[in-house]
Amino acid sequence: MPLPPTFERDLWEAAERLWTNSQLLPNEYSTPVLALIFLRYADHRFAEVEQELTAAAPRRRRALDREDYFARKAIYLPETARFDRLLQLPEGGDIGKALNEAMKAIEADNEALRDVLPKTYGRFDGPTLKALLKLFSTIPRDVEGDVFGRIYEYFQGAFAPRMLQKGGEYYTPVSVVRLIVEILEPYEGRIYDPACGSGGMFVQSVHFVREHNKSATLSLHGIEKIAQTLRLCKMNLAIHGLVGDIREANTYYEDIHSQVGKFDFVMANPPFNQGAVDKGRLKDDKKRFPFGMPSTDNANYLWIQLFYSALSLTGRAGFVMANSASDARGTELVIRQQLIEGGAVDVIVALSPNFFYTVTLPVTLWFLDRGKVDTKRADKTLFLDARQIFRQVDRAHREFTPGQIEFLSNIVRLYRGDEPEFHQDGSRALLVEKFGKKPKYSDVPGLCKVATRKQIEAQGWSLNPGRYIGVAERAADDFDFKERLETLNEELEMLNREARELEASIAQNVAALLES
């Protein structure tokens, strides 16, 4: 049976009320709660497989064991970890201890979950744990589709603004991930996310394949630096019935997947403008960093090279990048020029501010395609301005609707010479409005522009969509002063950084002249 449209929200609001009345910090509450959703899913799937196996062999002489469940891609649950058993525990009993023992037992019987599940339920009081178990028991057993995955994703998104801090993201908003996936179209092959966070790129890639009625032939590979986030990722994959080779490491210094030229798709949301990377340890790695080391203390162009070098000769990449990278000067410009001259830069999409929880500034999505060198798009790049395309979630947050995601993806399909898709409400009307009843790609002022390599060179190798697309005719709008000020401040910071680099370069040259 389908769930009510507001089920996930109602579930979250009830869980949040319990949290409000507890003494727990966000990070102390979030992971154990997500693990209870995971446990409810695991129990549902275990019971489903048990029924299937019993029906298939009613006169089975031996008892069912772990291998029977593994063969059907189910998590094996020992009796101590069954959800109904835990639900029946008295409120006055030690529910925290019982849940800790349940998580340990699951890990003992399921190698893929070793050291993944939390054992911190002793921090919760008995009434709160009892209420949470009762709350998640309301998820019906006869639900249709990937309901548990939807609930897990909803809770992740709801926890995110309370848990994230400046300087990094473990959670990329689903609508942004969906746009990256729709443009990349990862139907089959190896997917790599070297900054995988909680695994959203993997989950949405598999959703994409399933929604297009394709048999999923994807293998998932990732790296995550923070152990706690890696656990969230592995739970996220498990609750969607997925497995992957996801490892804990520092991507800058550890090439644990032997990544060079290996992957069909790379997608990521790396930490923006990260400093203090020891480039001395990287400068001799010409394979992973084929265009050299940027001189500035900023890792953006290290990440870009990591994504590029991981691609096979026909591979595609899609990733989130700080706006400042599109116009960065100095050695970063030299690296960007080499990337453009090599023909890999395929699509650049400008987003409006407030899509991310910790970064209010607008960001840019970059798409590389190493296979386009043998196509008519060899020396062309599509620039898309999506800054006016969004749904306002609340005063501080925005997202794409499914129709807007399909509309933007269809512009890319037209540019590539592919047929548009119409599965979402509103996308056809948007495409017809801009490109006619029989849509074919054409430049639209204020929305999209295909620029040649010569045109990009004439703009100083900039990948800023605003330099190419122009402005659509429209009435003056009431802009958000704070938002506009933050955008201008980012541009000022970039100019100041370039000025400092230029000043240092001049001082170095003068010193060299005086010494000679």
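Quantities reported herein were computed from a predicted structural model and do not represent experimental measurements. (Residues numbered from 1 in each chain as written. Predicted model: local features only at pLDDT ≥ 70, side-chain atom pairs only at ≥ 80, totals over all residues. Heavy atoms only, no water.)

Asker: Describe in detail the sheet that holds strand β6 (residues 345–351), supporting the description with residues and values.
Answerer: Ordered by their spatial adjacency, 9 strands build an open sheet running β3-β2-β1-β4-β5-β7-β6-β8-β11, and the pairing between neighbours is mixed. The outermost strands of the open sheet, each flanked by one partner alone, are β3 (245–248) and β11 (448–452). Direction aside, neighbouring strands of the sheet carry axes that sit 15° apart on average. (Pairing = 2+ DSSP bridges. Helix = DSSP H or I, 4+ residues; strand = E, 2+ residues; numbered from the N terminus. Axes fitted to C-alpha atoms, helices over the stretch in contact; angles between N-to-C directions.)

Asker: So, the nonpolar core: which residues are in play, and what are the values?
Answerer: Counting 58 residues, the largest nonpolar core has Y29, I75, F136 and F155 as the members making the most contacts within it. Going through the elements one at a time, α1 (7–20), α2 (26–56), α4 (83–87), α5 (95–109), α6 (126–136), α7 (147–163) and α10 (227–239) are the ones with two or more residues in this core. Apart from residues lying up to four places away in sequence, F136 is in contact with L11, V33, L36, I37, R40, F83 and F155. Grouped together as the second largest cluster of nonpolar side chains are 53 residues, L230, L237, F265 and C448 included. (Core = buried A, V, L, I, M, F, W, Y, C linked by side-chain atoms within 4.5 Å. Buried < 20%, exposed > 50% of the residue type's maximum accessible area, 1.4 Å probe, protein only. Contact = heavy atoms within 4.5 Å.)

Asker: A description of unusual backbone geometry should follow, citing residues and the corresponding values.
Answerer: Phi is positive for K73, which is not a glycine, with a value near 55°. If you trace the backbone, K73 turns up in the loop between α3 (66–71) and α4. Take K73: its relative accessible area is 71%, and that puts it in the exposed class. Of note, W461 is a non-glycine position whose phi angle comes to about 60°, a positive value. Mapping W461 onto the fold places it in the loop between α15 (453–458) and α16 (466–469). W461 sits in the buried class, given a relative accessible area of 9%.

Asker: Outline the pattern of salt bridges, supporting the account with residue identities and numerical values.
Answerer: Here the structure, examined in full by the defined rule, presents 28 salt bridges. A salt bridge links D369 to R316; its shortest N-O distance comes to 3.4 Å. Residue D369 is located in strand β7 (residues 363–369), and its partner R316 is located in strand β5 (residues 311–322); the two are separated by 53 residues in the primary sequence. The pair D369 / R316 is uniform in exposure class, with both members buried. Ionic pairing is found between D327 and R467, a salt bridge with its closest N-O pair at 3.5 Å. With D327 in the loop between β5 and α12 (330–341) and R467 in helix α16, the pair connects residues that are 140 residues apart, well separated along the chain. The network of salt bridges with shared partners includes R178, E182, E185, E211, R316, D346, D369, R377, R413, R416 and E421. (Salt bridge = Lys/Arg side-chain N within 4 Å of Asp/Glu carboxyl O.)

Asker: Talk me through the environment of R391; I want residue IDs and the actual numbers.
Answerer: Residue position: R391 is located in strand β9 (residues 391–394). Considered as a pair, R391 and F355 are 36 residues apart in the sequence and their alpha carbons are 10.0 Å apart. Aside from chain neighbours lying at most four places away, what touches R391 is H397, R398, E399, T401 and Q404. At 2.4 Å, the side chain of R391 and the side chain of E399 are in polar contact. (Polar contact = N/O pair within 3.5 Å; in protein donor to acceptor, adjacent residues only side chain to side chain.)

Asker: Residue-level account of the side chain of K130, with values.
Answerer: Mapped onto the elements of the fold, K130 is located in helix α6. One buried charged residue, K130, forms no salt bridge at all, with the nearest opposite charge on E91 at 6.8 Å. Here the side chain of K130 touches L89 through a polar contact of 2.6 Å, landing on its backbone oxygen. Sequence-distant contacts of K130, defined by excluding residues within four places in its chain, comprise L87, Q88, L89, E91 and I95. (Lys, Arg positive; Asp, Glu negative; His and termini not counted.)

Asker: Quick one: what's the story with the packing of aromatic side chains, residue by residue and with numbers?
Answerer: Under the definition given, this model contains 25 aromatic pairs. With a centroid separation of 6.4 Å and an interplanar angle of 70°, the aromatic rings of F272 and F356 are classed as edge-to-face. Of this pair, F272 sits in the loop between β4 (263–268) and α11 (300–310) while F356 sits in the loop between β6 and β7, and the two are 84 residues apart along the sequence. Taking the relative accessible area as the measure of exposure, F272 reaches 17% and is therefore buried. You can call F356 buried: its relative accessible area is 2%. Judged by centre distance (4.6 Å) and plane angle (45°), the rings of F307 and F319 are tilted. Remark: F319 occurs in strand β5 and F307 occurs in helix α11; sequence separation between them is 12 residues. Of note, R398 hangs over the ring of F390, and the distance from its end group to the ring centre comes to 3.9 Å. (Phe/Tyr/Trp six-rings, centres within 6.5 Å; stacked < 30°, edge-to-face > 60°. Lys NZ or Arg CZ within 6 Å of the ring centre and 35° of its normal.)

Asker: Please give an account of a nonpolar patch on the surface that cites residues and values.
Answerer: Residues L502, I506, V510 and L514 make up a contiguous nonpolar surface patch of about 420 Å² in total accessible area. The topology assignment puts L514 in helix α17 (residues 481–515). Overall, the relative accessible area of 70% leaves L514 in the exposed class. (Patch = residues over 30% accessible without salt bridge, like charges linked within 9 Å, V, L, I, M, F, W, Y side chains within 5 Å. Areas by Shrake-Rupley, 256 points an atom, 1.4 Å probe, with all protein chains shown as cover.)

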